[in-house]
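So the chains spell out like this:
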Amino acid sequence: MLLHAEVNIEHVLIQCACLPGDAICHVQRLFPLCSVGSLVLHLVNMKDKVIKMMKSVLLLILLRVVSGRRTQLLKGLPTISTVEENAAAGVSLCTFNVTLSPLPPEGVAILPTIVNSNPLTTAFDIVPKGDLEYMVVTTGDPVLDYETMPKSFDLQIFVEDITGRTDLKTLTVRIIDKNEHPVFRGNMAIQTVTLYVLEGAPQGRIYQVYATDPENAELKYSLLPAPVPFLVLENGDIFSTKVFDYERDQHCYFLNITVTDPGGLNLTKTVNINIININDERPYFTTKQRIYRIKEEQSPGTPVANITAKDPDDEDSPSRLFYSIQSSDRYFSINPSTGVLQVTRRIDRDAFPLRLHPNVSVIVRVEDSPSGGHASEMEITVIIDDINDNSPECNPSTFRKEANENMTAGTFLLELRNYCADTDIDPLNNRFNFTGLSGFGSNNFALESAVSGRLVMTGSIDLENPANLGVAVYSLTVRVQDIAYPDYSNIIYIYIRIKPVNDYFPVFNDLSYEFNVPEITKVGSSIGRVSARDKDWPPSVITYSIVAGGSIKDYTNLFWISPSKGVVKILARLDYETTQKHILVVQASDQEKSATASVTVNVLEVNDEEPFCSPNFYSFQIPVSLAVGTNINGFKIECKDRDSDPRSFRYFINEGNVNNHFTFSPSAGSNTSRLILASRFDYENGLDTNWIYRLRVYITDDNLLSARNKATHLIKTGTVTLNIRVIPNPTTVVATTPSFTVVMKKENLFSESAWYVPFIITLSSLLLLGLLGYLGFLLVKWLRTHCPPSGKADGTPLMNAPEKKKPKKEVIMTMTKLNTVFDGEARDPVTGKIYEFNTQSGARRWKKSSESLQLAPGMQVISSATDDDGQGTDRVQVLSKKEPSEKRKEPTGETKPAAPTSAGQLERTDGDEHRLQKQK
């Protein structure tokens, strides 16, 4: 267990190393009160820094402490030994023997071991030399150094035999100084130093080497070989002794720098010095030719010249030169690396400025640095030669000429040379001829000369002749061609239009035309077409126009004809009832000659007029007790239709006839009809709820048509609008359902502590009264603005509540006419506005939008203070139109009373045309 224990014996070993005498005794003094077990436990539990784990040595020491035995086993120790610094590994320092007991058993239990050194080191070790003979040798790790390490080491050597006897002796090793070689420092110590010197640099110091001596002795520097343009001072400075020229001098030097100490020991290192070339020479051209000749139209990239140059700075290597063109030339460029002059873009000798100056001068520059260095320039002239690269061109290349069809043979048309040219600058390349006249009909034309290109006619042309196939334009081609090789050519296109002569008049296909058109045909519709032709070739463009007819009272031009197609259209609606036939005179013209034809337009009758009834708008009032079958207010309508028989009308109410109370009699077969009450009103039982009826009456003209014809014939419908107000019976009692009311009584008791309650109630009441007063003011203001003042007739509600009995008194209110009385209303069928009319005289006036419905004619308003039953009532009595107002009788008790009209129903007109007169 003790062999595996990890203990820290730093303190123990230090004490043993520092104090003379037996180490075991020192250990016993360090732990006088500890038993062997407690000492081992103490050493195991130590937490200090572990310097060296020496379990076996600790075991021997502890066992020796226990046994307390010690003998002289190491012979030759203690002793003192010396060794030179830098000694190699394995150098013997001391030899000693181990003596054993003469009594058996014999043997060494623990071999001699260096258990401690002062100061600590691993530079020494014990190796066996023979039987029980051992040596202390150096390990070489670390290497002993007199200058940096301790000068002496005390080594404690421990041994134990089998019987348990131990011995511990000390060997003192002293280090002896030795003269060592100097050592270079810095870059010289780890590598060969390479220096660079620019050519042309002045003489002077270029580097300094530095070395040290382990013994700090003064060192000296020397240079080998001697015949070099450098020197080394004793302090290590290296100087150059000349100004170097890279092109003439050696490019590299190797200097052996030797450093020597006073003892004669030296060390040599090599310094490599390279001379750096600088750009100090001007390049020069090696190309001697200065004039070059090329043909035009060379493709881009074609080489023209190979410009070469050299740089004296690059005599031993390929020159790295840079070429450029200094002149502003757009035709050539030069490769900056190779110096090849080449074509950059198209070169046209026939274009300006080369057309006048075919020589191109180029300034070529060579430099030995792309950023600018030494340079040389040379001028090169390039002569551009012309080639036949242009074909003859004609401007224009297309010709258009006109010739009358009656021109004679030999007539001159065109001279082509006046329009053609060859742009080649060399006279040998710009000559051309005209050849190859071809094309359909080319036999009618000829070229008089190939040089001039003069075109003439060979005979007259008649377009109407079937042999010409109606050709009006001849397409010819002529080739214009170079005389020189490679015979470039172009095609000239000539279009000759034979201008026709107008020999014939237009002729209509028919002498007269007749079109039947229903009168309801939409405006803009086509009703027919006329057509004419012309024998001239090519056919003349014929235009059509209406030269006479087609006008009515409201329209100057009722018809329109397409100038190019001859299609006749109507510009306004046709009316059979106005005009049944229109006769037009149509002209066809070819701009020079013309012809006419007649066109008859027959207007066909169609049922396109809707019935018109008078009045078409009417308003009146009837009592709720009106008897069934009564002609309501004697109202009747009279209808007219311009294209229908008076017996063809049919009447029916389409809208507003709730519960079918109203009908017309007769309902069909007459142009007049009366409004009849078909069924009585029943408001008491809730069958009727409407008091105002707005009837929309439809009048159709299909009464004489059978059911089959109604599906195919046009049916027109007129409309009449009737507003009917039913006057309710004031004695009518609205049925109510008995009910009961639950009254809840709640008593509030005043509390003196709630003094704020009456205050808040009073304040709230004042605010509420103020708000109600303000709202009433706004209401009165609004009524004055939107409701104009009405007549002085008193208005009463439809259902009057019972009043107190008053003295029986009857007041009769009649409407007296001051001027013309308008007792009817109707709607104008054209404008849709409402107008008033007098049924007797037929006088009319437009009704203002602010006026309400007037009372029906013959209606008298009677205001009665009391009735037979003592209740005040108002009644309306309907009088016949035929009875004069003076002979109207007062209503009897058998007549059912009706509610009076409101004041708003008896309004005054702008001129106070109506007034109310009270009669007693």
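Keep in mind it's a predicted model, so treat the numbers as computed, not measured.

Peer 1: Would you mind showing me how to read the overall build of the chain here?
Peer 2: When helices and strands are counted, the chain shows seven helices and 59 strands. By residue count, 38% of the 920 residues in the chain fall in the buried class. Considering only contacts in the chain between residues 6 or more positions apart, those separated by 24 or more positions represent 66%. Accessible surface for the chain amounts to roughly 53,300 Å². Of this, 53% is attributable to carbon and sulfur atoms.

Peer 1: Can you help me understand the side chain of Thr99 in this one?
Peer 2: With respect to the helices, strands and loops of the structure, Thr99 is situated in the loop between β3 (92-98) and β4 (108-118). A distance of 3.1 Å separates the side chain of Thr99 from the backbone oxygen of Gln72, its partner in a polar contact. Setting aside its immediate chain neighbours within four residues, Thr99 contacts Gln72, Leu73, Lys75 and Arg165.

Peer 1: Where do I start with a nonpolar patch on the surface in this structure?
Peer 2: Among the surface-exposed residues, Leu766, Leu768, Leu769, Leu771, Leu772, Tyr774, Leu775, Phe777 and Leu778 lie close enough to one another that they form a single nonpolar patch of about 930 Å² accessible area. With respect to the secondary-structure elements, Tyr774 resides in helix α7 (residues 756-786).

Peer 1: Looking at this structure, how should I read unusual backbone geometry?
Peer 2: Excluding glycine, residues mostly carry a negative phi; peptide bonds, for their part, are mostly trans. Residue Leu77 is joined to Pro78 through a cis peptide bond whose omega torsion reads 0°. Note the cis peptide between Tyr485 and Pro486, where omega equals 15°. Tracing the backbone shows Pro486 in the loop between β34 (473-482) and β35 (489-499). Positive phi is not limited to glycine here, since Asn86 has a value of about 65°. Phi at Glu297 is positive, roughly 65°, even though this residue is not glycine. Mapped onto the elements, Glu297 comes out in the loop between β19 (291-295) and β20 (303-306). Since its relative accessible area comes to 28%, Glu297 is described here as partly exposed.

Peer 1: Mind showing me how you'd approach the confidence of the model for the chain here?
Peer 2: Atom-level detail of predicted coordinates should not be read off regions where pLDDT is low. In this model, the chain carries an average pLDDT of 76, and 76% of its residues clear a pLDDT of 70 or more. Scored below 50 in pLDDT, residues 732-750 makes three contacts in the model with residues more than four places away or belonging to other chains.

Peer 1: Just to check I follow, could you spell out the sheet that holds strand β41 (residues 559-561) for this structure?
Peer 2: For sheets, the rule is that strands pair by backbone hydrogen bonds, running either parallel or antiparallel. Spatially, three strands are ordered β38-β42-β41 in an open sheet, and the strand pairing comes out antiparallel. Two strands close off the open sheet at either side, each with one partner strand: β38 (526-529) and β41. Direction aside, neighbouring strands of the sheet carry axes that sit 25° apart on average. With three bridges connecting them, β38 and strand β42 (residues 567-570) associate as antiparallel partners. The residue of β42 that forms the bridge with Ser526 is Lys569.

Peer 1: Looking at this structure, I do not really get the state of the cysteines. What am I missing?
Peer 2: Linking two cysteines covalently through their sulfur atoms gives a disulfide. In the structure shown here, the tally under the stated rule is two disulfides. Across the disulfide, Cys394 is cross-linked to Cys420 (sulfur-sulfur distance 1.7 Å). Taking the torsion about the S-S bond as the criterion, the Cys394 to Cys420 disulfide, at about 100°, is right-handed. Remark: Cys420 occurs in strand β30 (residues 420-421) and Cys394 occurs in strand β27 (residues 393-394); sequence separation between them is 26 residues. Pair check on accessibility: Cys394 and Cys420 agree, each one buried. At a sulfur-sulfur separation of 1.9 Å, the disulfide partner of Cys613 is Cys639. Where Cys613 bonds to Cys639 through sulfur, the torsion about that S-S bond is close to 100°, and the disulfide is right-handed. Taken together, the residues Cys613 in strand β45 (residues 612-614) and Cys639 in strand β47 (residues 631-640) connect sequence positions 26 residues apart. When its relative accessible area of 4% is taken as the criterion, Cys613 is described as buried. Exposure remark for Cys639: the relative accessible area of 1% places this residue in the buried category.

Peer 1: Looking at this structure, how should I read the environment of Tyr246?
Peer 2: You can see Tyr246 is positioned in the loop between β15 (237-240) and β16 (252-260). Measuring from C-alpha to C-alpha, the distance between Tyr246 and Gly200 comes to 8.3 Å, with 46 residues separating the pair along the chain.

Peer 1: Mind showing me how you'd approach the packing of aromatic side chains here?
Peer 2: The geometry of an aromatic ring pair is captured by two quantities: the separation of the ring centres and the angle between the planes. This model, assessed by the stated rule, comprises 21 aromatic pairs. Ring geometry for Phe445 and Tyr474: centres 5.8 Å apart, planes at 70°, overall edge-to-face. Of this pair, Phe445 sits in strand β32 (residues 445-447) while Tyr474 sits in strand β34; the two residues are 29 residues apart in sequence, bridging distant segments of the chain. In this pair, the class of Phe445 matches that of Tyr474, namely buried. When the centroid spacing of 5.3 Å and the interplanar angle of 70° are considered together, the rings of Phe662 and Tyr693 count as edge-to-face. With Phe662 in strand β49 (residues 662-665) and Tyr693 in strand β51 (residues 692-700), this residue pair connects regions lying 31 residues apart in the sequence. For Phe662, a relative accessible area of 3% corresponds to the buried category. Take Tyr693: its relative accessible area is 1%, and that puts it in the buried class.

Peer 1: Please explain the side chain of Asp350 as it appears in this structure.
Peer 2: Mapping Asp350 onto the fold places it in the loop between β24 (340-343) and β25 (359-367). Of the polar contacts made by the side chain of Asp350, one reaches the backbone nitrogen of Ile425; its length is 2.9 Å. The residues contacting Asp350, other than those within four sequence positions of it, are Glu296, Arg355, Asp386, Asp389, Asn390, Thr423, Asp424 and Ile425.

Peer 1: I would appreciate a short explanation of the pattern of salt bridges in the present structure.
Peer 2: All told, the structure shown has 14 salt bridges when counted by the stated rule. A salt bridge links Arg293 to Asp385; the nearest nitrogen and oxygen atoms lie 2.7 Å apart. Of this pair, Arg293 sits in strand β19 while Asp385 sits in strand β26 (residues 375-385), and the two are 92 residues apart along the sequence. On the accessibility criterion, Arg293 (53% relative accessible area) is exposed. One salt bridge in this structure joins Arg365 and Glu367, with 3.5 Å as the shortest N-O distance. The exposure class assigned to Glu367 is buried, which follows from its relative accessible area of 15%. Here the residues in one salt-bridge network are Glu297, Arg346 and Asp348, joined through shared partners.

Peer 1: Help me understand the nonpolar core, please; the structure alone is not making it clear to me.
Peer 2: Counting 30 residues, the largest nonpolar core has Ile622, Phe662, Phe664, Leu675, Phe681, Ile699 and Leu722 as its most contacted members. Setting aside residues up to four positions removed in sequence, Leu675 forms contacts with Phe620, Thr630, Asn631, Ile632, Phe635, Phe662, Thr663, Phe664, Leu722 and Ile724.

Peer 1: Quick question: what am I supposed to make of the sheet that holds strand β52 (residues 717-727) here?
Peer 2: Taken together, the four strands give an open sheet; going across it, the order is β46-β52-β51-β48, and neighbouring strands pair in mixed fashion. The open sheet is flanked by β46 (617-623) and β48 (650-655), the only strands paired with a single partner. With strand direction ignored, the average angle separating the axes of adjacent strands in the sheet is 30°.

Peer 1: Honestly, the environment of Leu675 in this entry has me stumped. Any pointers?
Peer 2: If you trace the backbone, Leu675 turns up in strand β50 (residues 672-677). It is 5.9 Å that separates the C-alpha atoms of Leu675 and Phe635, two residues lying 40 residues apart in sequence.

Peer 1: Looking at this structure, I do not really get the pairing of β52. What am I missing?
Peer 2: Side-chain positions along a regular strand alternate between the two faces of the sheet. Where burial is concerned, most of β52 is hidden: eight out of the 11 residues are buried. Two elements, β46 and β52, share seven bridges in a ladder whose sense is parallel. Across the sheet, Ile622 pairs through a bridge with Val726, a residue of β52. Of the pairings in the sheet, the one linking β51 to β52 comprises nine bridges and is antiparallel in character. Looking at the pairing, Tyr693 lines up with Ile724 of β52.

Conventions and cut-offs
Residue numbers here run from 1 along each chain, matching the order of that chain's written sequence. pLDDT decides what is reported in this predicted model: residues at 70 or higher carry local features, side-chain atom pairs at 80 or more are listed and counted, and totals for whole chains, interfaces and linings draw on all residues regardless. Computation of side-chain values covers all heavy atoms of the structure but excludes hydrogens and water. Helix and strand labels come from DSSP, where a helix needs a run of H or I of at least four residues and a strand needs a run of E of at least two; each type is numbered from the N terminus. Residue burial is assigned from relative accessible area. The probe radius is 1.4 Å, only protein chains are included, and a residue is buried under 20% of its type maximum, exposed over 50%, and partly exposed in between. The contact criterion used throughout is that any non-hydrogen atoms of two residues lie within 4.5 Å. The Shrake-Rupley method, run with a 1.4 Å probe sphere, supplies the accessible areas, and residue values consider only the shown protein chains as cover. Under this definition, polar contacts are N or O atom pairs within 3.5 Å; protein pairs additionally need one hydrogen-donor-capable and one acceptor-capable atom, and for neighbouring residues in sequence, both atoms have to be side-chain atoms. Residues form patches when they are more than 30% accessible in relative terms and have no salt bridge. Like charges link within 9 Å. Nonpolar side chains (Val, Leu, Ile, Met, Phe, Trp, Tyr) link within 5 Å. We count a salt bridge whenever a side-chain nitrogen from Lys or Arg sits within 4 Å of a carboxyl oxygen from Asp or Glu. pLDDT is defined as a per-residue confidence score from the predictor, taking values between 0 and 100. Two strands form a pair only when DSSP identifies at least two bridges running between them. Lines fitted to the C-alpha atoms define the axes, with helices restricted to the stretch that makes contact. Angles between their N-to-C directions range from 0 to 180 degrees. Put simply, a disulfide is two cysteine sulfurs that come within 2.5 Å. When the centres of two rings from Phe, Tyr and Trp lie within 6.5 Å, Trp using its six-membered ring, the rings pair. Their planes under 30 degrees apart give stacked, over 60 give edge-to-face, and anything left gives tilted. We define a nonpolar core as any set of buried Ala, Val, Leu, Ile, Met, Phe, Trp, Tyr and Cys residues linked to one another through side-chain atoms lying within 4.5 Å.

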